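Summary of structural features
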Amino acid sequence: MELNHTIVPALDHEASAKFFAEIMGLAYEGPIGHFAPVKINSALTLDFDKATEFTRQHYAFKVSDVEFDGIFARIQAAGIQYGSGPQTPDNGELNHRSGGRGFYWRDRDSHLMEVLTRD
């Protein structure tokens, strides 16, 4: 069993999909129907969908050290606040859980995004 896709509610679904794809180093190829999909890998797609009201969610992505370096560099270059924990997503620190690296940041719709290199 594998997770195939999940819906990410957004005020401006295309802008949010483009922003997410850019930060994560992924491609955004345009809308499909009413979704703005971003393919994470061969098994998972995030389908950004327009919504006016929604509960902010937490999305966590395990990445390689090379992917982490690229994502972190893009976060810093864009001036996006980041932090070491879910309650401190803006303290400007990384965490080193399980001997890896990780951080949290908020996307355009205030969803809490997490990037980590170790489980």
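Check the entry above for the structure.
Residues numbered from 1 in each chain as written. Predicted model: local features only at pLDDT ≥ 70, side-chain atom pairs only at ≥ 80, totals over all residues. Heavy atoms only, no water.

1. Points about the layout of surface pockets
Unoccupied space between atoms shows up once a probe the size of one water molecule is rolled over them. Here is the rule: Note on definitions: the grid is 1 Å and covers protein atoms alone; a cavity is a set of points where a 1.4 Å probe fits but cannot get out; a pocket is an open set with protein on both sides within 12 Å along at least five of seven lines; lining residues have an atom within 4 Å of a point. Grid points are joined across faces, edges and corners, and a volume is the space filled by probe spheres set on the points. Helix numbers and strand numbers start at the N terminus; a helix is a DSSP run of H or I with at least 4 residues, a strand a run of E with at least 2. Side-chain classes are defined by residue name, with Ala, Val, Leu, Ile, Met, Phe, Trp, Tyr, Cys and Pro counting as nonpolar, Asp, Glu, Lys and Arg as charged, and the others, Gly among them, as polar.
Here the largest pocket is characterised by a volume of approximately 300 Å³. Taken together, 16 residues line the largest pocket, and the ones lying closest to its centre are Met24, Ile40, Phe61, Lys62 and Val63. Contributions of two or more residues to the lining of the largest pocket are made by strand 4 (58-62) and helix 2 (65-77). The element that contributes the greatest number of residues to the lining of the largest pocket is strand 4, accounting for four residues. Among the residues making up the lining of the largest pocket, the classes are represented as 11 nonpolar, two polar and three charged.

2. Notes on helix 2
The cut-off we apply is this: Expected span, for any helix, means 1.5 Å times one less than how many residues it has. Partly exposed describes any residue whose relative accessible area lies between the buried limit of under 20% and the exposed limit of over 50%, with all areas from a 1.4 Å probe on protein chains only and scaled to the type maximum. Taken from the helix axis, the directions to the C-beta atoms give the arc we talk about. Residues count as neighbours in contact if any of their non-hydrogen atoms are within 4.5 Å of one another.
In a regular helix each residue adds 1.5 Å, so 13 residues correspond to 18 Å; helix 2 covers 18 Å between its end C-alpha atoms and thus fits that length. For helix 2, the set of buried residues is Phe68, Ile71, Phe72 and Ile75. With its buried residues spanning 100 degrees around the axis, helix 2 presents them on a single face. Seen from the open side of helix 2, the exposed residues pointing more than 90 degrees away from its buried face are Val66 and Ala77. Of the surrounding elements, those touching the buried residues of helix 2 are helix 1 (13-24), strand 5 (82-83), strand 6 (102-106) and strand 7 (112-116). Positive backbone phi, at 70 degrees, marks Gly79, one or two positions downstream of helix 2.

3. A word on the sheet that holds strand 6
Keep this limit in mind: Whether two strands pair depends on DSSP finding at least two bridges between them. Between N-to-C directions, angles cover 0 to 180 degrees, with each direction set by a line fitted to C-alpha atoms, over the stretch in contact for helices.
Sheet architecture is open: four strands sit in the order 4-7-6-5, paired in mixed fashion. Edge positions in the sheet fall to strand 4 and strand 5, since each has one partner strand and no second. Across five bridges, strand 4 lies against strand 7 in parallel orientation. Across the sheet, residue Lys62 finds its bridge partner in strand 7, namely Leu116. Each of strand 4, strand 6 and strand 7 is contacted by helix 1, which is oriented at about 160 degrees to strand 6, the strand it contacts most.

4. Describing the pairing of strand 3 (residues 45-50)
Of all six residues that make up strand 3, five are buried, and the element is covered over most of its length. With five bridges connecting them, strand 2 (residues 35-39) and strand 3 associate as antiparallel partners. Pairing of Lys39 across the sheet is with Thr45, part of strand 3. The turn joining strand 2 and strand 3, which pair antiparallel and follow one another in sequence, is formed by five residues.

5. Brief notes about helix 1
The end-to-end C-alpha distance of helix 1, which contains 12 residues, comes to 16 Å, matching closely the 16 Å that a straight helix rising 1.5 Å per residue would cover. Here helix 1 has its buried residues at His13, Ser16, Ala17, Phe20, Ala21, Ile23 and Met24. Buried residues along helix 1 cover an arc of 165 degrees about the axis, so they all sit on one side. One or two residues past the end of helix 1 sits Gly25, with phi positive at roughly 75 degrees.

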